[in-house]
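Here is what each chain is made of, one letter per residue.
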Amino acid sequence: MKILFLVYHGFSDHSGITKKIHYQVKGLKENGYDVRLCYYDFSPEGHRCQYVDGLVLKDYGKGKWAGLRQRFDCDSVYHYCVKEGIQFVYARCFMNASPWLTHFFKKLRKSGIHAVTEIPTYPYDQEFRTFEWKMRMELKVDQLFRHNLYKYMDAMVTFSDAKEIFGQRTINISNGVDFDSIPVHDSQRSTLNTQLHLIGVAEVHPWHAFDRVMAGIGEYYSRRSKDEGQRLWIGEQTLGERKDVYFHVVGGVHPHHMKKYFTPLIEKYQIQDKVIFHGTLFGKELDDVFNQCQFAIGSLGRHRSGITNIKTLKNREYATRGIPFIYSEQDSDFDHQPYVIKAPADETPIDIQQIIDFMADFTMKPEEIRKTVESLQWKVQMKKVVDAVFNPQ
């Protein structure tokens, strides 16, 4: 089968989305499909171009007119699909529904070419509340045309539990992982006796709610400062083991987000030496920070964007590494796993003592955690999509 994987933007070596897309393509190919990757990007000369597997499909030139042509022209992709005998188009939603895109998928259907669109996050409207006005206006356009667009799909692919999105049936899968690209956590290199190192990896947004961790660390140290011993006591009751706790934030943090969410908490609790911002890391540098840590931080604020059920990529990457973690949304793949702590979906500070006590009794090895997500590899998840379209039950 010939498949066109359609993306409405370019790629970046430092982007988790870029890596995910390439892993999805790899997963399809591992099932024996002939997969072509179509995307939009700039040429070395600064021209706006449409590419298929690195080759220019159409050059739109430079300037504003080129930008408009790139946005509204879908004919070159359609003619490529027909010429190459593409049987299935897998598109990744860019919140860009329009009459032109609708016309494109309508023509695909008339030509007998199947199509689905993946919604990376659903629902996504509330995420735009904090974005600049231009992006909010683009969302308004998307809202006008998305129901009409998606009626020409075979289905919507979602990482949520939704059974219908924008009037179209869904194919429910999990965000996947690529075992070849994620090493197993080297837990022997972490400091377990007197320190607890937490790690949160993300291009940080409000819905990650890392501020809840910082507030939790601040509250933990505030309570601890009242006690001069190794343990906290009230009468004969032990309140918990004492640890020095550090939070490693890996990934980009927008200055506005830092100023609004992080700096006030860090200054309030005087935890400047307890929160370490590493910026974006890859490869060995990222592995080294992971191996210094014992526990990972998933999303803790999906409720801020109105999301209850979601299967985030980060949870799966943590489990593939074999490191225990915490999150607050509903994720049926992990909600009952023994290496997970579920935080309340609210604005309360994270209970750091709970994590310390959890880790004191935690004996599961990284290899054992990793084994629980073998079924979540991209090869398995992408095969579910193809089967749901071409071999429906």
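Shown above is the structure to which this text applies.
None of these values were measured; they are calculated from a predicted model. Throughout this document, residue positions are counted from 1 along each chain, in the order its sequence is written. Totals for whole chains, interfaces and linings use every residue, but because this is a predicted model, local features are given only for residues with pLDDT of at least 70 and side-chain atom pairs only at 80 or more, for both listing and counting. Note: side-chain values were computed over all heavy atoms of the structure, leaving out hydrogens and water.

It is not clear to me how the packing of helix α1 (residues 16-30) against helix α12 (residues 378-390) should be interpreted in this structure. Could you clarify?
Two quantities define a packed helix pair, namely the angle between the helix axes and the distance between the axes. For every element, the axis is a line fit to its C-alpha atoms; helices are fit only across the contacting stretch, and the angle between N-to-C directions ranges from 0 to 180 degrees. We count a stretch as a helix when DSSP gives it H or I for four or more residues in a row; a strand needs E for two or more, and each element gets its number in order from the N terminus. Here α1 crosses α12 at 70°, and the two axes come no closer than 8 Å. With respect to α12, the axis of α1 lies roughly perpendicular. Contacts between α1 and α12 involve Lys20, Tyr23, Gln24, Gly27, Leu28 and Glu30 from the first element and Trp378, Lys379, Met382 and Val386 from the second. Note on residue classes: Ala, Val, Leu, Ile, Met, Phe, Trp, Tyr, Cys and Pro are nonpolar, Asp, Glu, Lys and Arg are charged, and everything else, Gly too, is polar. Residues that form the contact of α1 with α12 fall into these classes: five nonpolar, two polar and three charged. Note that the term roughly parallel is reserved for angles under 35 degrees, roughly antiparallel for angles over 145, roughly perpendicular for angles of 65 to 115, and oblique for everything else. Contacts are assigned to residue pairs with any non-hydrogen atoms lying within 4.5 Å of each other.

Looking at this model, I keep getting lost on unusual backbone geometry. Mind explaining?
Leave glycine aside and you will find that most residues have negative phi; peptide bonds, for their part, are mostly trans. The phi dihedral of Met95 falls on the positive side, at around 50°, and the residue is not glycine. Considering the arrangement of structural elements, one finds Met95 in the loop between β5 (88-92) and α4 (99-110). A positive phi angle, near 55°, is found at Ala209, a position not held by glycine. Within the element layout of this structure, Ala209 appears in the loop between β10 (195-201) and α6 (210-224).

Help me understand the pattern of salt bridges in this model?
Opposite charge on two side chains lets them pair, provided their charged atoms get close. Throughout this description, the term salt bridge denotes a Lys or Arg side-chain nitrogen within 4 Å of a carboxyl oxygen of Asp or Glu. Counted by the stated rule, this structure contains 23 salt bridges. The shortest N-O distance in the salt bridge between Glu84 and Arg36 comes to 3.3 Å. Within this pair, whereas Glu84 is found in helix α3 (residues 75-84), its partner Arg36 is found in strand β2 (residues 34-42), the two being separated by 48 residues in sequence. The buried label applies to any residue whose accessible area, calculated with a 1.4 Å probe on protein chains only, is under 20% of its type's maximum; exposed applies above 50%, and partly exposed to all values in between. A relative accessible area of 24% places Glu84 in the partly exposed class. Judged by its relative accessible area of 11%, Arg36 is buried. Where Lys371 meets Glu374, a salt bridge forms, and the shortest distance between an N and an O atom there is 3.8 Å.

Help me out: how do you make sense of the side chain of Ser76 in this one?
Position of Ser76 among the secondary structure elements: in helix α3. Only 2.3 Å separates the side chain of Ser76 from the side chain of Gln50, close enough to count as a polar contact. Pairs of N or O atoms within 3.5 Å make up the polar contacts considered here, provided that, within protein, one atom can donate a hydrogen while the other can accept it, and that residues adjacent in sequence are counted only when both atoms are side-chain atoms.

What am I meant to see in the pairing of strand β1 (residues 2-6) here?
For a regular strand, the rule is simple: side chains alternate between the two faces of the sheet. Buried residues dominate β1, accounting for four of its five residues. Paired strands, in this sense, are two strands between which DSSP finds at least two bridges. With five bridges joining them, β1 and β2 adopt parallel strand pairing. By the bridge assignment for β2, Leu4 is matched with Arg36. When the strands point away from the viewer, a crossover counts as right-handed if the route from the first strand across the helix to the second turns clockwise. In this view, the connection linking β1 to its parallel neighbour β2 by way of α1 has right-handed handedness.

Sorry if this is basic, but what is going on with the sheet that holds strand β17 (residues 340-342) here?
Within a beta sheet, neighbouring strands are joined by backbone hydrogen bonds and run either parallel or antiparallel to one another. Here we have six strands laid out as an open sheet, ordered β14-β13-β10-β15-β16-β17, and parallel in their pairing. In this open sheet, the two edge strands, each paired with only one partner strand, are β14 (275-279) and β17. For this sheet, the mean inter-axis angle between neighbouring strands, taken without regard to orientation, is 25°. The strands touched by helix α8 (residues 283-292) are β10, β13 (244-250) and β14; relative to β10, the strand with the most contacts, the crossing angle is about 140°. Docked against the sheet, helix α10 (residues 352-360) engages β10, β13, β15 (295-297) and β17, running at close to 110° with respect to β10.

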